[in-house]
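Listed here are the chains, written in short residue letters.
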Amino acid sequence: MPDQSPPAPDLFTWEFAADPYPAYAWLREHAPVHRTKLPSGVDAWLVTRYADARQTLADTRLSKNPAHHDEPAHAKGRTGIPGERQADLMTHLLNIDPPDHTRLRRLVSKAFTPRRVAEFAPRVQELTDDLIDRFTTSGSDTADLIHDFAFPLPIYAICDLLGVPREDQDDFRDWAGMMIRHGGGPRGGVARSVKKMRGYLAELIHRKRVELPAEPVPGEDLISGLIRASDHGAHLTENEAAAMAFILLFAGFETTVNLIGNGTYALLTHPEQRWRLQRALAEGDRALLETGVEELLRYDGPVELATWRFATEPVVIGGQRIEAGDPVLVVLAAADRDPERFADPDTLDLGRRDNQHLGYGHGIHYCLGAPLARLEGQTALATLLTRFPDLRLAVDPAELRWRGGLIMRGLRTLPVEFSPPRSGQT
């Protein structure tokens, strides 16, 4: 019998970026482990089913180190973050395996413990309120929630956590903005920002090392903690410290930008769920906020594909043989809508309980900053919905554009309208 299945969908077009979920549904059903040529020219395997994705994320035969990529000349340097090779920033958590990964992750994990994140919560709320005050002080009843709110909030938060002085944080905002604007286009724009950030971090690490107190102080910033660890036999080189600070900035801001942006958009286009959450918040019940953020991470999360992995030996995933040296990309967005794992996966249900989504990964590379991102997402959404009970889209959803790119999923802009609140209203 001839194959009656519909033709394979086009991937990585602008139309695909607007709504990739039908294409991912086709792949899950017809080609769950699918080899494709990426826009960069690299050939890679896409893993789309939940069970296969979870297995792949934890498989030690798949390395994070790009040295294992059997890359042809035309694909040289086209995996990973543009500019990180030239800036000597390769030795970070997204590019290394145990035992180095274990050593470096242990050094920074204490900055993201539930206790440390809870201590940081008042600062996140202060930043959230300040940003909302800024775009309402003129009496305006419109804003771009990406540019005015979702983007600066995690930048300022992660800069505070790392110990970037307040007077320098707008520079980081500019460099991060360049990364987002050029994330799906010319790699040169991102590489220039990476180079500037690398130069600044080298100077900051040197300055903090000179000024470091003999003993740790309460609430010591993360860069100072990394320096202290390296100076006390933890074998952290200055390049490793710079690479670690860089990746926490790079990975720590855009995921939260997209969580807030995608999450707000999902709520505004699902009014019954938005009203349900607003009622719960008005009654002082934050349980729905917590399950709701997890559902937003599953339904249209900030990370569409997990970062690169490379087979170190032949591996079989979902019945498909993958050769040593081949790149593998787990499609988190596809896995988290797999009907074999989630009931009614295309339905947004803020009260969903059975929700072991893969939005922040799985295994030893599970996102280190997930507790901070959750805090920022919960704080941002709760404050927006409380201060702007009539928040609404200012354009037709069809007019919105999604940023092109491979790993992240996020809106370019999110124009909204609202009745201006009183300054400081919560």
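Residues numbered from 1 in each chain as written. Predicted model: local features only at pLDDT ≥ 70, side-chain atom pairs only at ≥ 80, totals over all residues. Heavy atoms only, no water.

A few points about empty space enclosed by the protein
By rolling a water-sized probe across the atoms, one finds the places where empty space is left. Evaluation of the coordinates by the stated rule reveals two cavities of 30 Å³ or more. Of the volumes computed, that of the largest cavity is approximately 50 Å³. Surrounding the largest cavity, Tyr21, Leu297, Arg298, Gly301, Pro302, Val303, Leu332, Ala333, Asp336 and Gly359 form its lining. Elements that contribute at least two residues to the lining of the largest cavity include exactly α13 (287-300) and α14 (332-335). Tallied by class, residues from the lining of the largest cavity come to six nonpolar, two polar and two charged. Approximately 30 Å³ is the volume found for the second largest cavity. Thr264, Leu267, Leu268, Leu381, Leu384, Leu385 and Leu391 are the residues that line the second largest cavity. Mapped by element, the contributors of at least two residues to the lining of the second largest cavity are α11 (238-268) and α15 (370-387). Per-class residue counts for the lining of the second largest cavity are six nonpolar, one polar and no charged. (1 Å grid on protein atoms, 1.4 Å probe; cavity = no way out; pocket = protein on both sides within 12 Å on 5 of 7 lines; lining within 4 Å. Points joined across faces, edges and corners; volume = space filled by probe spheres on them. Helix = DSSP H or I, 4+ residues; strand = E, 2+ residues; numbered from the N terminus. Nonpolar A, V, L, I, M, F, W, Y, C, P; charged D, E, K, R; others polar.)

A short note on the environment of aspartate 129
By secondary structure assignment, the location of aspartate 129 is in helix α5 (residues 114-134). You can call aspartate 129 buried: its relative accessible area is 17%. C-alpha separation for the pair aspartate 129 and threonine 383, spaced 254 residues apart in sequence, amounts to 7.7 Å. (Buried < 20%, exposed > 50% of the residue type's maximum accessible area, 1.4 Å probe, protein only.)

Function-wise, these values are silent; they only describe arrangement.
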